[in-house]
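# Chain and residue survey
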Amino acid sequence: MRRIQRFRSDTRGIEGLPVRLVIALVVGVASLSVMMNMISGISGLAVIELDVHPEPEVVGPGEQIIEVSVVDPDGQTVSDATVIARGGSARLDGVETATTDQNGVAELRLTPELRPNQGDGTIEFEVKPPAGSEYADERGNTALLVVSG
């Protein structure tokens, strides 16, 4: 005759559950790490953010020749990039553009102006990366500081 056992007193159902959960977790983490490694190895998904380094970094109002280096995160210069200068809190007459040479330097002739009673201001830079490259310029760049004399 078969003996009826209550569900509440049956402890056989959970004996292998913790071991199975641990195995599933380990296999899942290992699979995820392999997939992430494969994704990070694809260079087409990665972009390299560019920044500018103006020289000099601080100028006074009036006509100035500014050399702007376009650099990647490792500090390497980038040639054939277009640098665009716009007035920020300092004014410029229009927009100035230049293309970087083989050394990654663009030369801009700027005439920044400050408003009356304005002690300082900035000139903002934007970079258009070379066509077909993995470079991008989506974050803010270093600005040129204009200080009244």
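This text follows the structure it describes.
Residues numbered from 1 in each chain as written. Predicted model: local features only at pLDDT ≥ 70, side-chain atom pairs only at ≥ 80, totals over all residues. Heavy atoms only, no water.

## A few points about the overall build of the protein
- In terms of regular secondary structure, the protein is built from one helix and ten strands.
- N-terminal to C-terminal, the α/β element order of the protein is α-β-β-β-β-β-β-β-β-β-β.
- In the protein, buried positions account for 25% of the 149 residues.
- Contacts in the protein between residues at least 24 apart in sequence constitute 57% of all its contacts with a sequence separation of at least 6.
- Accessible surface, the protein as shown: approximately 10600 Å² in total, 53% of it carbon and sulfur. (Helix = DSSP H or I, 4+ residues; strand = E, 2+ residues; numbered from the N terminus. Buried < 20%, exposed > 50% of the residue type's maximum accessible area, 1.4 Å probe, protein only. Contact = heavy atoms within 4.5 Å. Areas by Shrake-Rupley, 256 points an atom, 1.4 Å probe, with all protein chains shown as cover.)

## Thoughts on the side chain of asparagine 141
- Relative to the helices and strands, asparagine 141 is located in the loop between strand S9 (135–136) and strand S10 (144–147).
- In this structure asparagine 141 comes out as buried when scored by relative accessible area, which is 13%.
- Within the local environment of asparagine 141, its side chain forms a polar contact with the backbone oxygen of phenylalanine 125, the two atoms lying 3.0 Å apart.
- Dropping the residues within four chain positions of it, asparagine 141 is found in contact with Leu50, Asp51, Val52, Phe125, Glu126 and Val127. (Polar contact = N/O pair within 3.5 Å; in protein donor to acceptor, adjacent residues only side chain to side chain.)

## Brief notes about a nonpolar patch on the surface
- Together, Leu32, Met35, Met36 and Ile39 make up an exposed nonpolar region whose accessible area comes to about 400 Å².
- Within the secondary structure, methionine 35 sits in helix H1 (residues 17–40). (Patch = residues over 30% accessible without salt bridge, like charges linked within 9 Å, V, L, I, M, F, W, Y side chains within 5 Å. Salt bridge = Lys/Arg side-chain N within 4 Å of Asp/Glu carboxyl O.)

## Remarks on a negative patch on the surface
- Together, Glu55, Glu57, Glu67, Asp101 and Glu107 make up a region of like negative charge exposed at the surface.
- Tracing the backbone shows glutamate 107 in strand S7 (residues 105–110). (Lys, Arg positive; Asp, Glu negative; His and termini not counted. Charge placed at Lys NZ, Arg CZ, Asp CG, Glu CD.)

## Details of the sheet that holds strand S2 (residues 51–55)
- Spatially, the three strands line up as an open sheet ordered S2-S4-S7, and their pairing is antiparallel. With one partner strand each, in any of the chains shown, S2 and S7 form the two edges of the open sheet. In this sheet, neighbouring strand axes are inclined to one another by 30° on average, regardless of whether the strands run parallel or antiparallel.
- The pairing of S2 with strand S4 (residues 64–71) spans five bridges and is classified as antiparallel. Bridging across to S4, glutamate 55 finds its partner in glutamate 67. (Pairing = 2+ DSSP bridges. Axes fitted to C-alpha atoms, helices over the stretch in contact; angles between N-to-C directions.)

## With respect to the sheet that holds strand S6 (residues 96–99)
- One open sheet holds the five strands; their spatial order is S3-S10-S8-S5-S6, and the pairing between them is mixed. Single-partner strands in this sheet number two, and they are strand S3 (58–59) and S6.
- Inspection of the sheet shows strand S8 (residues 120–128) paired to S10 by four bridges, in the antiparallel sense. Within S10, the residue paired with glycine 121 across the bridge is valine 146.

## What to know about the pattern of salt bridges
- Taken as a whole and judged by the stated rule, the model has four salt bridges.
- As a salt-bridge pair, glutamate 126 and arginine 86 come within 2.5 Å of each other at their nearest N and O atoms. Placement of glutamate 126 in strand S8 and of arginine 86 in strand S5 (residues 82–87) is noted, with a sequence separation of 40 residues between them.
- A single network of salt bridges, built from pairs that share partners, joins Arg86, Glu126 and Lys128.

## Concerning the side chain of glutamate 49
- In this fold, glutamate 49 is placed in strand S1 (residues 48–49).
- Here the side chain of glutamate 49 touches glutamate 138 through a polar contact of 2.9 Å, landing on its backbone nitrogen.
- From its side chain, glutamate 49 meets the backbone nitrogen of arginine 139 in a polar contact 2.9 Å long.
- Look past the residues within four positions of glutamate 49 in its chain and what remains in contact with it is Val71, Asp72, Pro73, Ala136, Asp137, Glu138 and Arg139.

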